[in-house]
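Chain by chain, the residues run as shown.
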Amino acid sequence: MKAIVAMDQTAEAAGITLAERPEPTPAINDVVVEILASGFVPAEWEWPSTWVDRSGHDRAPAIIGHEFAGVVSSLGYGTTGLSLGQRVFGITDWHRDGTLAEYAAVEARNLAPLPGDVDFTVGASLPISGLTAWQGLFQHGRLQAGQTVLAHGAAGAVGSVVTQLAREFGAYVIGTGRAADRQAALDFGANDFLDLDNEDLGDIGGVDLVFDVIGGNIQRRSASIVRPGGTLVSVVGSIKARPAAGLAVDFVVESVPGQLVEIVDRVRDGRLRAHIGTVTSLDDAIPALNPTERRKGKTVIRVRA
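Quantities reported herein were computed from a predicted structural model and do not represent experimental measurements.

Asker: Would you explain the sheet that holds strand 13 (residues 226-234) in this entry?
Answerer: Strand pairs in the sheet, formed through backbone hydrogen bonds, run parallel or antiparallel to each other. Read from one edge to the other, the open sheet built from 6 strands follows the order 11-10-9-12-13-14, with strand pairing classed as parallel. Either end of the sheet is taken by a strand with one partner, and the two such strands are strand 11 (192-195) and strand 14 (247-250). Each strand of the sheet is rotated relative to its neighbour by a mean of 15°, with strand direction disregarded. Pairing analysis gives 4 bridges linking strand 10 (residues 172-177) to strand 11, with the strands arranged parallel. Bridge pairing links Thr176 to Leu194 in strand 11. Packed on one face of the sheet, helix 2 (residues 127-140) meets strand 12 (207-212), strand 13 and strand 14 and runs near 150° to strand 12. Along the sheet, helix 5 (residues 216-223) makes contact with strand 9 (148-151), strand 12 and strand 13, crossing strand 13 at roughly 160°.

Below, the structure written as structure tokens:
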């Protein structure tokens, strides 16, 4: 089968290639999914799981990509609850070969049904961005109606979902980004917008929840404006700055099928809009995974027409 494989950690995106790889076979409680579309997260080059397995052994050449939409093509021993030909979407295990390939082996417990009225491209754009936003806001951030949320990168793949969900659940959302992102953030539902290059975070006053997708100095400045009892939630690694009288949580997103159902139901009824940027084919994917310009929205690779 055709797949995009990472060959060299030091080369990052420059070290990927389109190659022929053996088709996977399903382990116990696995399914093999025929991949129709796969999302991609640029930070994948920085994840240790891209390069080594759980025992610390070298994984390269490793098939990259971890979110997908497709059709179940075979079932492993003991797999229940899924059927051949079923439309599914979700996230693969971080340490296993991924989804920028014609087929991928996935633990059945990580899959949710993809409704027939949701396009595979849309389905593939949702799992990581949607679950990251859902888990950060509700599990770790304990969002409540009436709170103020500072959503960094509000026009990005994750931040746009954070903004929409927080607004739906009754929060006042202040989006951030570059000046050029202002209108997009407002279109996704931000009540207000702050240009991080030219405006001061300190002018906001206090917020109840910071959703950090940037880290560094932005994280440190954001921690200082969290109100007592508030929370800073980060998806960029270990916390470097903590609120003086609040909580700081960093987390790695996990596949929760029930939450995927909540997310895709919102796409179907219009409460949530997927933010898709570049869409290309598997044969033409490499330039899209190593772009020369700033990405806008989720990169999705259509593996099959």
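Additional details are given in the paragraphs that follow.
Asker: Would you mind going over the side chain of Asn110 with me for this structure?
Answerer: Here Asn110 shows up in the loop between strand 7 (103-107) and strand 8 (111-113). When near neighbours in sequence (up to four residues on either side) are disregarded, Asn110 contacts Phe89, Gly90, Ile91, Asp93, Ser255, Pro257 and Leu260.

Asker: What exactly am I supposed to notice about unusual backbone geometry here?
Answerer: Look at the link from Ala60 to Pro61: it is a cis peptide, with omega at 0°. For Pro61, the position within the fold is in the loop between strand 3 (30-40) and strand 4 (62-63). Despite not being glycine, Arg142 shows a phi value in the positive range, around 50°. Tracing the backbone through its elements, the reader meets Arg142 in the loop between helix 2 and strand 9.

Asker: Where do I start with the packing of aromatic side chains in this structure?
Answerer: To describe a pair of aromatic rings, one takes the distance between the centres and the angle between the planes. In total, this model carries 5 aromatic pairs according to the counting rule given. For the pair Trp134 and Phe169, a centre-to-centre distance of 6.2 Å together with 90° between the ring planes defines the contact as edge-to-face. Remark: Phe169 occurs in the loop between helix 3 (157-168) and strand 10 and Trp134 occurs in helix 2; sequence separation between them is 35 residues. Given the relative accessible area of 33%, Phe169 is considered partly exposed. Here the aromatic rings of Phe138 and Phe169 are separated by 4.6 Å at their centres, their planes lie at 55°, and the arrangement is tilted. In this pair, Phe138 is assigned in helix 2 and Phe169 in the loop between helix 3 and strand 10, connecting sequence segments 31 residues apart. For the cation-ring pair, Arg87 lies above Phe120, with the distance from its terminal atom to the ring centre recorded as 4.2 Å.

Asker: For this particular structure, what's the right way to read the pairing of strand 10?
Answerer: Side-chain direction in a regular strand flips from residue to residue, so the side chains alternate between the two faces of the sheet. Buried residues dominate strand 10, accounting for 5 of its 6 residues. Strand direction decides the pairing type here: strand 9 and strand 10, joined by 4 bridges, are parallel. Residue pairing across strands places Leu150 opposite Ile174, the latter belonging to strand 10. Between the parallel pair strand 9 and strand 10, the chain is carried across by helix 3, and the sense of this crossover is right-handed.

Asker: Teacher, can you tell me more about the pattern of salt bridges here?
Answerer: Any two side chains of opposite charge can pair, on the condition that their charged atoms come close. Under the definition given, this model contains 16 salt bridges. Ionic pairing is found between Asp30 and Arg96, a salt bridge with its closest N-O pair at 2.7 Å. Residue Asp30 is located in strand 3, and its partner Arg96 is located in the loop between strand 6 (87-91) and strand 7; the two are separated by 66 residues in the primary sequence. Residue Arg96 is classed as partly exposed on the basis of its relative accessible area, which comes to 25%. Between Glu107 and Arg109 there is a salt bridge, with the nearest N and O atoms lying 3.0 Å from each other. Judged by its relative accessible area of 62%, Arg109 is exposed. Within the structure, one salt-bridge network assembled from shared partners comprises Glu168, Glu262, Arg266, Asp269 and Arg271.

Asker: What exactly am I supposed to notice about the sheet that holds strand 2 (residues 16-20) here?
Answerer: Ordered by their spatial adjacency, 3 strands build an open sheet running 2-1-4, and the pairing between neighbours is antiparallel. The open sheet has two edge strands with one neighbour each: strand 2 and strand 4. Of the strand pairs in this sheet, strand 1 (residues 2-6) and strand 2 are connected by 5 bridges, and their pairing is antiparallel. Of the residues in strand 2, the one forming a bridge with Lys2 is Glu20.

About the cut-offs
Residues numbered from 1 in each chain as written. Predicted model: local features only at pLDDT ≥ 70, side-chain atom pairs only at ≥ 80, totals over all residues. Heavy atoms only, no water. Pairing = 2+ DSSP bridges. Helix = DSSP H or I, 4+ residues; strand = E, 2+ residues; numbered from the N terminus. Axes fitted to C-alpha atoms, helices over the stretch in contact; angles between N-to-C directions. Contact = heavy atoms within 4.5 Å. Phe/Tyr/Trp six-rings, centres within 6.5 Å; stacked < 30°, edge-to-face > 60°. Buried < 20%, exposed > 50% of the residue type's maximum accessible area, 1.4 Å probe, protein only. Lys NZ or Arg CZ within 6 Å of the ring centre and 35° of its normal. Right-handed = clockwise from strand over helix to strand, strands pointing away. Salt bridge = Lys/Arg side-chain N within 4 Å of Asp/Glu carboxyl O.

Any functional reading would require information that these geometric values do not contain.
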